[in-house]
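Now for the letters of each chain:
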Amino acid sequence: MDYSSYRDLKVRTLEPGILEIVMGEEGKLAVATANAHAEMARIWLDVDRDPQARVAILRGAGKGFSAGGDLAMVEKMTQDFAERARVWREARDLVYNMINCSKIIVSAMHGPAVGAGLVAGLLADISIAARSARLIDGHTRLGVAAGDHAAIVWPLLCGMAKAKYYLLTCRAISGEEAERLGLVSLTCEESELQAKALEVARELAAGAQTALRWTKYSLNNWLRMAGPAFDASLALEVLGFTGPEVKEGIASHREKRKPSFPPEPPDF
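Residues numbered from 1 in each chain as written. Predicted model: local features only at pLDDT ≥ 70, side-chain atom pairs only at ≥ 80, totals over all residues. Heavy atoms only, no water.

We now examine the packing of helix α3 (residues 81–100) against helix α12 (residues 227–240). Remark: α3 packs on α12, axes separated minimally by 10 Å, with the N-to-C direction vectors making an angle of 155 degrees. In terms of orientation, α3 lies roughly antiparallel with respect to α12. Every pair of crossing elements has a handedness; the one defined by α3 and α12 is right-handed. Contact residues: Arg84, Trp88, Ala91, Arg92, Val95 and Tyr96 in α3; Gly227, Phe230, Asp231, Leu234 and Val238 in α12. Of the residues contributing to the contact of α3 with α12, the split by class is 7 nonpolar, 1 polar and 3 charged. (Axes fitted to C-alpha atoms, helices over the stretch in contact; angles between N-to-C directions. Helix = DSSP H or I, 4+ residues; strand = E, 2+ residues; numbered from the N terminus. Parallel < 35°, antiparallel > 145°, perpendicular 65-115°, else oblique. Left-handed = near helix turned anticlockwise from the far one by under 90°. Contact = heavy atoms within 4.5 Å. Nonpolar A, V, L, I, M, F, W, Y, C, P; charged D, E, K, R; others polar.)

What follows is the structure, encoded as structure tokens:
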């Protein structure tokens, strides 16, 4: 499989059967620009079709796993219907393409894990987080509904009570706490993260591939059953980009201050 067309994602073969997909650049946080967002949705189709790939490891370069959406792209979504439609389609495809990818996906999260990166990190078949990682779903802090992946997988992983608490408050979750809650599969020290991900990938790559893929397919029917909840949440998130709350959310991010949202929403 030729991955040379990818610009924001760096793809290489670590060992026979094991791909590594790296977001961002060394020394920086991976920001979901328009191109990076599109690539994150598309990559899983290519991994699925790659005859040499058995396992894919997803990690972030530099200071963390992912930094969330580029504010310029987010602001454009408030102004441009075509941009909202594009991002909606890619966000939908990212989730469903990961669910339907037959190959096993392992994520290795360190530092902040936010936005589209967090989507992929938590939807991975085996999710590994450094104990010091900080997982944050910041949708409501931005002023839009928690769409992306939250409704489809958080209640299943950590239960409805904890899912509501963290998604409504946007509080950060350490990697250690995320494992305790069942939000991630494993945790380890950050210095051990890449080695642990490779260890798990090697074990999976050496396994019975048909049995593994059919087991993944069967288990992911739980996520497919939650598809209507996900579709609704994503549509409501995109609808929120047309409203007043997101404008205040963007302004507060730019000005690095606490948001001051309108006290009463319109009737709905």
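That covers the picture; the talk isn't over yet.
Taken in spatial order, the 6 strands make up an open sheet running β1-β2-β3-β5-β7-β10, and their pairing is mixed. Edge positions in the sheet fall to β1 (9–15) and β10 (186–188), since each has one partner strand and no second. The mean angle between the axes of side-by-side strands here comes to 20 degrees, regardless of whether they run parallel or antiparallel. Where β1 meets strand β2 (residues 18–23), 6 bridges bridge the pair, whose relative direction is antiparallel. Looking across to β2, one finds that Val11 is bridged to Ile21. Lying on the sheet, helix α4 (residues 115–123) is in contact with β2, β3 (55–60), β5 (104–109) and β7 (126–130); it crosses β5 at an angle near 125 degrees. (Pairing = 2+ DSSP bridges.)

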